[in-house]
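# Structural overview
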Amino acid sequence: MTNNGQVRVIIENVQPQVDGGLYPSKRTVGERVDVTADIFGDGHDHIRAHLLFKKEGEKQWRSHELHHIGNDSWHGSFTVHEKGYYSFTVIAWVDHFETWYDGFKKKAAAGVDVKVELQEGILFLKKLSGGKIDELEKAIKALDTTYERAIEYVVDEPFAKLVHHFPLIEFEARYEKELKVFVEHKKANYSTWYELFPRSASLDDKHGTFKDVMRLLPRIESMGFDVLYLPPIHPIGKLNRKGKNNAVTAKPGEPGSPWAIGSDEGGHKAIHQELGTLDDYKMLITQAKKHGIDIALDLAFQCAPDHPYVKEHPEWFKQRPDGSIQYAENPPKKYQDIYPFNFETTAWKELWEELKSVIFFWIDQGVKIFRVDNPHTKPIPFWQWAIAEVNKKYEDIIFLSEAFTKPKVMASLGKIGYTQGYTYFTWRVSKHEIIEYMNELVNGPSRNYFRPNFWSNTPDILPYHLQHQGENIFIIRLALAATLSSSYGVYGPPYETYENIPVQGKEEYFDSEKYEIKTYDWKRTNRMTDIFTLINGARKKHPALQSTWNIQFCQIENPNLIAYLKATDDLSDVVLVVVNLDPHSRHSGYVQIPKWRLKLGDKMNLKLHDLMTDEHYTWTQEWNYVEIDPFRMPFHLFKVDIHESYM
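Note that this is a predicted model, so its numbers are computed, not measured. (Residues numbered from 1 in each chain as written. Predicted model: local features only at pLDDT ≥ 70, side-chain atom pairs only at ≥ 80, totals over all residues. Heavy atoms only, no water.)

Moving on, we come to the side chain of N624. Locating N624 in the fold gives a position in strand 27 (residues 623-628). For N624, the side chain forms a polar contact with the main-chain oxygen of Q621, separated by 2.7 Å. Setting aside residues up to four positions removed in sequence, N624 forms contacts with G589, Y590, V591, I593 and W619. (Helix = DSSP H or I, 4+ residues; strand = E, 2+ residues; numbered from the N terminus. Polar contact = N/O pair within 3.5 Å; in protein donor to acceptor, adjacent residues only side chain to side chain. Contact = heavy atoms within 4.5 Å.)

To continue, consider the UniProt feature "domain: Glycosyl hydrolase family 13 catalytic" (unreviewed entry) in the chain. As recorded in UniProt, the feature "domain: Glycosyl hydrolase family 13 catalytic" (unreviewed entry) lies at residues 195-539. What you have in residues 195-539 is 34% helix and 11% strand, and the ends, taken at the C-alpha atoms, are 19 Å apart. (UniProt positions renumbered as here; feature names shortened; annotations may be inferred.)

Note on soluble globular proteins: their nonpolar side chains tend to be buried together. Of all hydrophobic cores here, the largest spans 128 residues; its most connected members are Y281 and F370. Top contributing element to this core by residue count: helix 13 (residues 471-484), with ten residues. Taken domain by domain, this core gets at least three of its residues from each of domain 3 (199-233 + 271-301 + 342-545) and domain 4 (551-644). Ignoring anything within four residues of it in the chain, the contact list for F370 reads L297, L299, I359, W362, I363, I397, I398, F399 and L400. Counting 26 residues, the second largest nonpolar core, distinct from the first, contains I11, F78, Y175 and V183. (Core = buried A, V, L, I, M, F, W, Y, C linked by side-chain atoms within 4.5 Å. Buried < 20%, exposed > 50% of the residue type's maximum accessible area, 1.4 Å probe, protein only. Domains from an automatic or database assignment.)

Many authors give the size of an interface as the accessible area that is lost as the parts come together. Parsing the chain into structural domains produces domain 1 (9-95 + 170-183), domain 2 (97-165), domain 3 (199-233 + 271-301 + 342-545) and domain 4 (551-644). Taking the mean C-alpha position of each, domain 1 and domain 4 sit 36 Å from one another.

Here the focus is the pairing of strand 3 (residues 32-41). Where strand 1 (residues 9-15) and strand 3 come together, five bridges link them in antiparallel fashion. Bridge pairing in strand 3 places I11 opposite I39. As defined by bridge partners, strand 3 adjoins strand 7 (residues 73-79) across seven bridges and the pair is classed as antiparallel. The partner of A37 across the bridge, within strand 7, is W74. (Pairing = 2+ DSSP bridges.)

Time to look at the packing of helix 13 against helix 15 (residues 527-541). When two helices pack together, their arrangement is captured by the angle between the axes and the distance separating the axes. In the contact formed by helix 13 and helix 15, the axes pass within 11 Å of each other and the chain directions differ by 15°. As judged from the angle between their axes, helix 13 and helix 15 are roughly parallel. In this structure, helix 13 meets helix 15 at a crossing whose hand is right-handed. Contacts between helix 13 and helix 15 involve E471, N472, F474, I475, L478, A479, A482 and T483 from the first element and R527, M528, I531, F532, I535 and R539 from the second. A per-class count over the contact of helix 13 with helix 15 returns nine nonpolar, two polar and three charged. (Axes fitted to C-alpha atoms, helices over the stretch in contact; angles between N-to-C directions. Parallel < 35°, antiparallel > 145°, perpendicular 65-115°, else oblique. Left-handed = near helix turned anticlockwise from the far one by under 90°. Nonpolar A, V, L, I, M, F, W, Y, C, P; charged D, E, K, R; others polar.)

This part is about the UniProt feature "active site" (unreviewed entry) in the chain. The residues that UniProt annotates with the feature "active site" (unreviewed entry) are D373 and E402. For the annotated residues, spread through 30 residues, the largest C-alpha to C-alpha distance comes to 5.4 Å, consistent with a single compact locus. Here D373 lies in strand 16 (residues 369-373). Its relative accessible area of 6% is what places D373 among the buried residues. If near-sequence neighbours (up to four positions away) are discounted, E402 is found in contact with R371, V372, D373, N374, P375, H376, Y422 and D460.

A word on unusual backbone geometry. Cis geometry is adopted by the peptide bond preceding P16, which originates at Q15 and carries an omega value of 10°. Position of P16 relative to the elements: it lies in the loop between strand 1 and strand 2 (25-28). Backbone geometry places Y498, a non-glycine residue, at a positive phi of 60°. Looking at the element boundaries, Y498 is found in the loop between helix 14 (492-496) and helix 15.

Let's shift gears to the sheet that holds strand 20 (residues 487-491). Strand order in the closed barrel formed by eight strands is 11-12-13-16-17-18-19-20, with parallel pairing between adjacent strands. Averaged over all neighbouring strand pairs, the angle between strand axes comes to 25°, with direction disregarded. The strands touched by helix 15 are strand 11 (191-195) and strand 20; relative to strand 20, the strand with the most contacts, the crossing angle is about 160°.

A few words on the environment of N526. Residue placement: N526 occurs in the loop between helix 14 and helix 15. Given a relative accessible area of 14%, N526 falls into the buried group. Apart from residues lying up to four places away in sequence, N526 is in contact with E496 and Y498. Separated by 3.1 Å, the side chain of N526 and the backbone nitrogen of M528 make a polar contact.

The next point concerns the pattern of salt bridges. The final tally for this structure, using the stated rule, is 39 salt bridges. Salt-bridge contacts for E117 lead to K107; the nearest nitrogen and oxygen are separated by 2.8 Å. You can see E117 sitting in helix 2 (residues 115-129) and its partner K107 sitting in helix 1 (residues 96-109), a full ten residues away along the chain. When its relative accessible area of 13% is taken as the criterion, E117 is described as buried. For K107, a relative accessible area of 33% gives the class partly exposed. Members of the salt-bridge network, linked through shared partners, are R48, E65, D95 and E98. (Salt bridge = Lys/Arg side-chain N within 4 Å of Asp/Glu carboxyl O.)

In this section: the sheet that holds strand 6 (residues 67-70). Spatial strand order, 1-3-7-6: four strands in an open sheet with antiparallel pairing. Each edge of the sheet is formed by a strand with only one pairing partner; in this case those strands are strand 1 and strand 6. Within this sheet the neighbouring strands show an average axis-to-axis angle of 35°, counted without direction.

Let's shift gears to helix 12 (residues 431-443). Working note: α-helix, 3.6 residues per turn, so residues spaced by three or four point in the same direction. With 13 residues, helix 12 ought to run about 18 Å at 1.5 Å a step, and its terminal C-alpha atoms sit 18 Å apart, in line with that. Of the residues making up helix 12, those classed as buried are K431, I434, Y437, M438, L441 and V442. All buried residues of helix 12 fall inside an arc of 140° around its axis, so they share one side. Those residues of helix 12 that are exposed and angled more than 90 degrees off the buried face are H432 and N443. In this structure, the buried side of helix 12 is in contact with strand 19 (452-455), helix 13, strand 21 (551-554) and strand 22 (561-567). (Expected span 1.5 Å × (residues − 1). Arc of directions from axis to C-beta.)

This part is about the side chain of E496. Turning to its location among the elements, E496 is positioned in helix 14. Taking relative accessible area as the criterion, E496 reaches 6% and is therefore assigned buried. A polar contact of 2.5 Å, which involves the side chain of E496, links it to the side chain of Y194. If sequence neighbours within four positions are ignored, E496 has contacts with Y194, R219, M223, R524, N526, M528, T529 and F532.

Position of S401 relative to the elements: it lies in strand 17 (residues 398-402). Every residue in contact with S401, bar those within four places of it in the chain, is listed here: V372, P375, L413, Y418, Q420, G421 and Y422.

The geometry of helix 2 relative to helix 3 (residues 134-143) is characterised by a closest axis approach of 9 Å and an angle of 165° between their N-to-C directions. Here helix 2 is positioned roughly antiparallel relative to helix 3, judged by the angle of their axes. Crossing angle aside, the handedness with which helix 2 passes helix 3 is left-handed. When helix 2 is examined against helix 3, the residues L118, G121, I122, L125, K126, L128 and S129 are found in contact with a partner set consisting of L136, E137, A139, I140 and L143. For the contact of helix 2 with helix 3, the residue count by class is eight nonpolar, two polar and two charged.

The following block contains the structure:
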């Protein structure tokens, strides 16, 4: 609150801000920052307001006008064009010049004598001009003429534009904080992930290697994926190794879980010998970049019982009364092959530094993306510190949080620095659930700090709606993930082949690849690989699909059909998606086009091209009939062209 008694305007609730400005809001290059505020004052004088913004390091503020949108709420925006931090704030004031002008028009229209008002107008113009602005000096002369001509001049449209263009800024209020926006590169907001186990990348029954993965790069590129995520690539523990289907004891030759990291062969900075060498891994990163693909490293901060850390730093682990080390548990689940770090150790500083060095080591090998395993089981202050340390030294590093956990914990991980996060999309199935969840992500406060990454399946999760089902539901879930969210991923090989057999009563794969090596026919193509190629190609070509935040759901009465529009701000790219959520039956309904969103008048002439089936349609009505047979194609992905004569 200002101490200047001449200030009469109050500014409250400036958005976006995260936890009162404790954390910056997040955007990526080219995105718009929409700013809102509650602005009001006493009496009936006119209020004007400006949004001030600048990039870190700039001395001068740039200014955009805020517009009153009703009930003392104001709105403005600015676009961020560079990476780094931006600051913004809001100023507002009583504009006596505009207040005078509004009163003058009303009095003149009512035939009230306005001679004194004309003199007041001249004084306002002189104050604004200071004898230095030709346009205002001409206006002064126009008001200082015959009474009738002066009135005629003031009530004409050019003078209204002059009043708006030259605000009289006096005794302005300024919002108490300068808020921050952190702007990252575009891939932070738009990425397409494919997951595979490198040990299953061989074309025969042998243990796969990084060189085998290299041979798969053209295939992955052809399907349109730009991130290849590999589960942990480090030596796998030999003590307490798990067997097939999570058996407590492994049989001879069973490979164990890659997430049980470390053995006498090394730890988190070592490579599992059967995958290849560190040079092989670096070559994989280099070759992948030539295909437009980034290799994502799984960052799993946990240890197998024979990890070198256990012997070298027993103080980093929780000791039980019998002298043993506490293994990981999530009752009733037990992970005898994994020792979690004890972050409450008195040697926490040394532990933090060592884990940070692991991240730095892999960045130095060429890694730009980390998929972080179970970050919610480590202290959030650690991640805040570690990610901040990374950002001080390196640019464009992506951290994807694999935290299927409580909402507030997921939110906190986003606030403190995680670039993207796994979501509850995996379990949002019905039309109501999907719309409600998308509105929460897009229109709720988390929009400013949580970037969703939609996954239809993972090695840990075979959702109930995919179990014992055919290809249609797999295609439906892919279509939703790839068009609702600008970042999505699949655990690829099982998804391509529609693996649907669970552990009885659980959302887990039977014969899980986590505990055994699989053999896939990597030369095989099918309906799913074709759809991957088409839908990912559409995502690359259409900017409207490269944002999560531009969604507009369309009215359609059938509860089995969901429809939504995605469009760029300038409407240069518009996409309409209609999905049949029922994998077993044909459904039809009428889709209402949001005319206001597309700036359509009474007449419509929309040309639609289905990017999946290559069919063309023309819609000339607000409500339009659709019919979807899931056995032909469970969804429409329409490119929408608005006929210019009706815009």
